[in-house]
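# Structural overview
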Amino acid sequence: MKQNPDNSNRPRPAPGPPLTRRQFLVLATALAATGAGLASAQASAQASAQASAQASAQASAQASAQATAALESGVPVWLLDAVADPGAGASLGDAYLRDHPGERDPGRLLTLIIAALGPVGAAGGSGLDFLALDWAVRGEYVSGDTVLVDAWILSRTEARLYGLISLVQAREGPEFAGAASA
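Presented here is an overview of the structure given in this document. All of these numbers come straight from a predicted model, not from anything done at the bench.

## Some details on the pattern of salt bridges
For the coordinates displayed, the defined rule picks out 3 salt bridges. A salt bridge links Asp134 to Arg138; the shortest N-O distance between them is 2.9 Å. Highlighted residues: Asp134 and Arg138, both in helix α6 (residues 127-143), separated by 4 residues, approximately one helical turn. The partner of Asp145 in a salt bridge is Arg156, and the shortest N-O contact between them spans 2.9 Å. Of the two residues, Asp145 sits in the loop between α6 and β1 (146-149) while Arg156 sits in helix α7 (residues 156-170), which places them 11 residues apart along the sequence.

Printed below as a string of structure tokens:
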């Protein structure tokens, strides 16, 4: 019997039963889906820590402009805040919208995103909204409801969110007239 690293006399607990192949595949898929989000969050945190005061002021001004554009278009600001790197998201969104021109309407994208969140989502930026978005994205990865965008495999809702961010950043005039407000 092995001892704990702190050299106490208490024995280590016995390991649990081995995973079945099915359990392993489900776990690996779930971890891969969360790993993408964690890697994005970690990269964003590192970039944020290395930014200068001037870059922070510029980012703040850009975020304010984006929030204004979002409010004018009827897009809930919390939805835009769900993306750690809006610039990268908008770039992927542009590519998604090129491949799916029928979805190049903020109102349509917003409706599809909110529908994917289910009855829990769209409560106005509460923690439940972010949780519902996370569940929707993870569920789509697990079910295989994904799209290939610039060599990235994205859940459909994730790609639509990036498309929405792209449209908000571009402020493509009359297309925003039909956007729903939350």
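After presenting the structure, the write-up continues.
## Structural notes on the packing of helix α4 (residues 86-99) against α7
At their nearest, the axes of α4 and α7 sit 7 Å apart, and the two run at 105° to each other. For the element pair α4 / α7, the angle class is roughly perpendicular. Residues Pro86, Gly87, Gly89, Ala90, Leu92, Gly93, Asp94, Tyr96 and Leu97 of α4 lie in contact with α7, whose contacting residues are Arg156, Ala159, Arg160, Tyr162, Gly163, Ile165, Ser166, Leu167 and Gln169. Considered class by class, the residues forming the contact of α4 with α7 number 9 nonpolar, 6 polar and 3 charged.

## A word on unusual backbone geometry
For residues that are not glycine, phi is negative in most cases, and the peptide bond is trans in most cases. In this structure, Asp150 takes a positive phi of about 50° despite not being glycine. Mapped onto the elements, Asp150 comes out in the loop between β1 and β2 (152-155). Look at Asp150 and you get partly exposed, because its relative accessible area is 48%. With phi around 70°, Ala151 is a residue other than glycine that occupies positive phi space. With respect to the element layout, Ala151 can be found in the loop between β1 and β2.

## Here we look at the pairing of β1
Burial along β1 is one-sided: Val147 and Val149 are buried, and none of Thr146 and Leu148, which face the opposite way, are. Of the pairings in the sheet, the one linking β1 to β2 comprises 4 bridges and is antiparallel in character. Its bridge partner lying in β2, Val149 is registered against Trp152. Connecting β1 to the antiparallel partner β2 that follows it, the hairpin turn spans 2 residues, and Asp150 within it adopts a positive phi of roughly 50°.

## Examining the packing of helix α5 (residues 106-117) against α7
The geometry of α5 relative to α7 is characterised by a closest axis approach of 9 Å and an angle of 145° between their N-to-C directions. The two elements α5 and α7 meet at a crossing, and its hand is left-handed. Residue-level contacts link Pro106, Leu109, Leu110, Leu112, Ile113 and Ala116 of α5 to Thr157, Arg160, Leu161, Gly163, Leu164 and Leu167 of α7. Split by residue class, the contact of α5 with α7 holds 9 nonpolar, 2 polar and 1 charged.

## Section: the side chain of Glu158
For Glu158, the location among the structural elements is in helix α7. Lacking a salt bridge, the buried Glu158 has Arg138 as its closest oppositely charged neighbour, with an N-O distance of 10 Å. A polar side-chain atom of Glu158 sits 2.6 Å from a polar atom in the side chain of Tyr141. Apart from the residues within four sequence positions on either side, Glu158 is in contact with Val137, Glu140 and Tyr141.

## Points about a nonpolar patch on the surface
Taken together, Leu128, Leu131 and Trp135 make up a surface patch of nonpolar side chains, about 310 Å² in accessible area. By the secondary structure assignment, Trp135 is in helix α6.

## Looking at the environment of Leu117
Turning to its location among the elements, Leu117 is positioned in helix α5. By relative accessible area, Leu117 is classed as buried at 6%. Put simply, Leu117 and Ala136 are 19 residues apart on the chain and 5.8 Å apart in space, counted from C-alpha to C-alpha.

Rules and cut-offs
- Residues numbered from 1 in each chain as written.
- Predicted model: local features only at pLDDT ≥ 70, side-chain atom pairs only at ≥ 80, totals over all residues.
- Heavy atoms only, no water.
- Salt bridge = Lys/Arg side-chain N within 4 Å of Asp/Glu carboxyl O.
- Helix = DSSP H or I, 4+ residues; strand = E, 2+ residues; numbered from the N terminus.
- Axes fitted to C-alpha atoms, helices over the stretch in contact; angles between N-to-C directions.
- Parallel < 35°, antiparallel > 145°, perpendicular 65-115°, else oblique.
- Contact = heavy atoms within 4.5 Å.
- Nonpolar A, V, L, I, M, F, W, Y, C, P; charged D, E, K, R; others polar.
- Buried < 20%, exposed > 50% of the residue type's maximum accessible area, 1.4 Å probe, protein only.
- Pairing = 2+ DSSP bridges.
- Left-handed = near helix turned anticlockwise from the far one by under 90°.
- Lys, Arg positive; Asp, Glu negative; His and termini not counted.
- Polar contact = N/O pair within 3.5 Å; in protein donor to acceptor, adjacent residues only side chain to side chain.
- Patch = residues over 30% accessible without salt bridge, like charges linked within 9 Å, V, L, I, M, F, W, Y side chains within 5 Å.
- Areas by Shrake-Rupley, 256 points an atom, 1.4 Å probe, with all protein chains shown as cover.

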